Every structure is written in structure tokens, then in C-alpha cells.
Amino acid sequence: MEKLINQFEFGLFFWQVLIFVGLIFLLKKFAWKPILDAVNDREQGIKDALLSAENARKEMENLQADNQRILNEARAERDAMLKEAREMKEKLIADSKNEAQAQGQKMIEQAKAAIESEKNAAMAELKSQVSTLSLSIAEKLLKEELSNKESQTKLVEKMLGDVKLN
């Protein structure tokens, strides 16, 4: 270090200081300003990007909240629709059962009426056949009874006797 102090020259020092100041001046004029501007622009860009990311995050949270709300509304609406559909199904089933029972009862009544009508018709037919058969038998008997004179006389006397008794 002593060697440096012993070899000190004022002229060399002056030129070195002048070159150093000139270099600083040139750097300030041409290099520092663009470098500082670039650093400031970069810093501002980073701040804007962070702000934009924060805004995007908030917007994403809002969208997620909206999506969740819409999803909950859709679920509630689906549940309401399913409940309504179940109620309609149960009502339709009950109405169908009631209608089927009414139709069944009506068919039973019609069948009973038809059976009664057929029974009455059969009874009338039976009575008609019985009366026809009875008349036929009576006719044959009367022909046989009336074929001889003696039995005719007995029959007339018997009928006259019946009339008097009544």
C-alpha cells in the first residue's frame, strides 16, 4: 500500500477521475435511464400481473360460488320435480284403482242383471214348455177318457160334483 501512495501522480489521478466522471455521465445518459426504465417497466408489469392474477382468483371464487348456488338450485328443482312426479304417479294409480273398482262393480251388476234376465227367460221358457207338455198330456188323457161313453158320463158327473162342492 505504501508503494501506491509513493507512486501517486496527480495528473494520472485527474485523468482517471475525469474519465470516471465522463463514464458515469455517459452511463447515466445512455445506459442508466433505459436500464432503470426497463426495471421500472418490469416491476410495473409484475405488479399488473399480480393484480390481474388476484382479480382472476377473485373472479374464479365468485364463479365457483355462483356455480355452487346454481347447482344447489338445480338440485332443489330436481327434487321438487321428482316429488311432484311421485305425487302425480300415486294420484294416477289411486284414480286408476278407483276407476277399475267402479268398472268392476258395474260389470258385476251388469252380469247379475244379465243372469237374472236369463233366469227369468229360462223360467218363462220352462213354464211354457211345462204348460205345453201338460196340455199335451191332458189332451191325450182326455181323448182316452172320452173315447168311450161310459167314462165320458163319469167325467161329467165328477165335474158337476166338483162344481157343487166348491
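Quantities reported herein were computed from a predicted structural model and do not represent experimental measurements.

J.: Can you help me understand the overall build of the protein chain in this one?
T.: Tallying secondary structure elements over the protein chain gives three helices and zero strands in all. Along the protein chain, helices and strands appear, N-terminal first, in the series α-α-α. At 66 Å, the protein chain has a C-alpha radius of gyration far larger than the 15 Å of a compact globule built from 166 residues. Structurally, the protein chain occupies a C-alpha span of about 200 × 30 × 25 Å along its principal axes. Within the protein chain, the proportion of its 166 residues that are buried is 1%. Accessible area for the protein chain stands at about 15,700 Å²; split by element, carbon and sulfur atoms hold 63% of it. Averaged over its 26 positive side-chain charges, the protein chain has a centre that lies 2 Å from the centre of its 28 negative ones.

J.: What is the right way to read a nonpolar patch on the surface from this model?
T.: Nonpolar side chains collect at one region of the surface, where Phe 8, Phe 10, Phe 13, Phe 14, Trp 15, Val 17, Leu 18, Ile 19, Phe 20, Val 21 and Ile 24 lie side by side and expose about 1,200 Å² of accessible area between them. For Phe 20, the location among the structural elements is in helix 2 (residues 10–146).

J.: When you look at the UniProt feature "coiled-coil region" (unreviewed entry) in the protein chain in this model, what are you seeing that I'm missing?
T.: Following the UniProt record, the feature "coiled-coil region" (unreviewed entry) maps to residues 46–102 here. The distance from the first to the last C-alpha atom of residues 46–102 is 82 Å, and the span holds 100% helix and 0% strand.

J.: Would you take a moment to explain the UniProt feature "transmembrane region" (unreviewed entry) in the protein chain for this structure?
T.: Using the residue numbers shown here, the UniProt feature "transmembrane region" (unreviewed entry) corresponds to residues 12–32. Note that residues 12–32 is 100% helix and 0% strand, and that its end C-alpha atoms are spaced 27 Å apart.

J.: Explain the confidence of the model for the protein chain to me, please; I cannot follow it from the model alone.
T.: Averaged over all residues, the pLDDT of the protein chain is 87; the fraction at 70 or higher stands at 96%. The element-level mean pLDDT for the protein chain is lowest in helix 1 (residues 2–6), coming to 71, with helix 2 highest at 90.

J.: Explain the environment of Ser 147 to me, please; I cannot follow it from the model alone.
T.: The topology assignment puts Ser 147 in the loop between helix 2 and helix 3 (149–165). Along the backbone, Ser 147 and Leu 23 are 124 residues apart, and their C-alpha atoms lie at a distance of 176 Å.

The rules we used
Residues numbered from 1 in each chain as written. Predicted model: local features only at pLDDT ≥ 70, side-chain atom pairs only at ≥ 80, totals over all residues. Heavy atoms only, no water. Helix = DSSP H or I, 4+ residues; strand = E, 2+ residues; numbered from the N terminus. Rg over C-alpha atoms; globule rule 2.2 N^0.38 Å. Buried < 20%, exposed > 50% of the residue type's maximum accessible area, 1.4 Å probe, protein only. Areas by Shrake-Rupley, 256 points an atom, 1.4 Å probe, with all protein chains shown as cover. Lys, Arg positive; Asp, Glu negative; His and termini not counted. Charge placed at Lys NZ, Arg CZ, Asp CG, Glu CD. Patch = residues over 30% accessible without salt bridge, like charges linked within 9 Å, V, L, I, M, F, W, Y side chains within 5 Å. Salt bridge = Lys/Arg side-chain N within 4 Å of Asp/Glu carboxyl O. UniProt positions renumbered as here; feature names shortened; annotations may be inferred. pLDDT = per-residue confidence, 0-100.

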